[in-house]
Amino acid sequence: MDVADCFLDGNADVVEFCPHESFQHLLAAATYTLEEGDHPSRSGSISLFDVNADAGGGGGLDLLHRVETAGIFDMKWNPVGENVRPLLAQADADGHLRLHRIENAGDGTVANDNIMTEVNDEKISSSMCLCLDWNPLATSISVGLSDGSISVVSFLESQLEVVQEWKAHEFEVWATCFDHHQPNLVYTGSDDCKFSGWDLRSSSDLAFQNSRAHKMGVCCISKSLTDPHMLLTGSYDEYLRIWDVRSISKPVNETSICLGGGVWRIKQHPFIPGIVLAACMHNGFAVVKIKGDGSEVIETYSKHESLAYGADWQKISTSQEGEKKSTAVGTCSFYDRCLRIWVPESNFAI
């Protein structure tokens, strides 16, 4: 069910709903635009939207604020915690990690041009920053780089500092992910087709490396928030793979499903285990149900007319009456610069 749509000011590649309570109506959408020529440049922006997905009440998508910046490959909100304010981290083409703070966006008293403020900027590398992930306590951020390196950046007392860095892969690192249940572990995926795990306690020792399962580059990695043993990977080879990481030295690829397009982004449902949203590049978006040792596509969304890149679930899980309600989805496509808000039609069984 379509709720709203709009066009961004550049090629759209990332959408992220804020998970923090009273800020869950906020959606950040990022762009990356390559200006070719004698002096090529990579520009970008973050657009902050107020999303009302209640189609019955005239759902809407209202632009609150826009920040011009370097071309953005990835961004993520900090994890929810006690007395933690929303922070949005961006990994960009200039090799920077930047943090943006949200100022009182929930009370409607702040002027639109003061909603989002950059509060930190750390030059990570002369290479491009392609992906990032927060650790569960929001005290560090892992960053994947275009030269195959990984940097771990501490975030303590509002300061960013690179504390570990190593050469992890032969080519671009498109995916990095902390293990929520074992925060000393970081998973990475790269254009070299390798899926790796690293132990931060031992000078970034290689815990495992799988170079056989993925037939093309690894685009995304997502650890289950509810099942400590389940991890998902997506690849240009069009497969979503489900892994059992119980034996960390040799994770087992339990099952996989072909989604008909390169699996660029995977997002697990915020409160229904086993429901996954996937951005499938040339084949639109898919909602996948994982159950036991099997998986199936239960819904597809094909109203975008370009590469399906950005995807996320809205984090609102209950209505005012305390009952679980439909969760909206934000998706974006690259070349047509389109952002769409929609509600899946499937009735997910919990």
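Quick notes on the rules
- Residues numbered from 1 in each chain as written.
- Predicted model: local features only at pLDDT ≥ 70, side-chain atom pairs only at ≥ 80, totals over all residues.
- Heavy atoms only, no water.
- Pairing = 2+ DSSP bridges.
- Helix = DSSP H or I, 4+ residues; strand = E, 2+ residues; numbered from the N terminus.
- Axes fitted to C-alpha atoms, helices over the stretch in contact; angles between N-to-C directions.
- Core = buried A, V, L, I, M, F, W, Y, C linked by side-chain atoms within 4.5 Å.
- Buried < 20%, exposed > 50% of the residue type's maximum accessible area, 1.4 Å probe, protein only.
- Contact = heavy atoms within 4.5 Å.
- UniProt positions renumbered as here; feature names shortened; annotations may be inferred.

**Remarks on the sheet that holds strand β23 (residues 275-279)**
Here is step 1: With antiparallel pairing, the 4 strands of this open sheet are ordered in space as β22-β23-β24-β25. Edge positions in the sheet fall to β22 (265-268) and β25 (294-301), since each of these pairs with one other strand and no more. Each strand axis lies, on average, 25° off the axis of its neighbour in the sheet, ignoring direction.
Here is step 2: As paired elements, strand β24 (residues 285-291) and β25 share 7 bridges and run antiparallel to each other. In the strand pairing of β25, Lys291 is matched with Gly294.

**Section: the nonpolar core**
Here is step 1: Counting residues in hydrophobic clusters, the biggest one holds 26 residues, and the most contacted among them are Leu232, Leu240, Leu259, Ile266, Val288 and Ile290.
Here is step 2: At the level of secondary structure, the elements contributing two or more residues to this core comprise β18 (218-223), β19 (230-235), β20 (239-244), β23 and β24.
Here is step 3: Element by element, the count of residues in this core is highest for β24, at 3 residues.
Here is step 4: When sequence neighbours within four positions are dropped, the list of residues in contact with Leu259 reads Glu238, Leu240, Ala278, Cys280, Asn283, Val288 and Val297.

**Brief notes about the UniProt feature "repeat: WD" (unreviewed entry) in the protein**
Here is step 1: UniProt annotation of "repeat: WD" (unreviewed entry) refers to residues 211-247 when read in the numbering used here.
Here is step 2: Each end of residues 211-247 is marked by a C-alpha atom, and these two atoms are 17 Å apart; helix forms 0% of the span and strand 49%.

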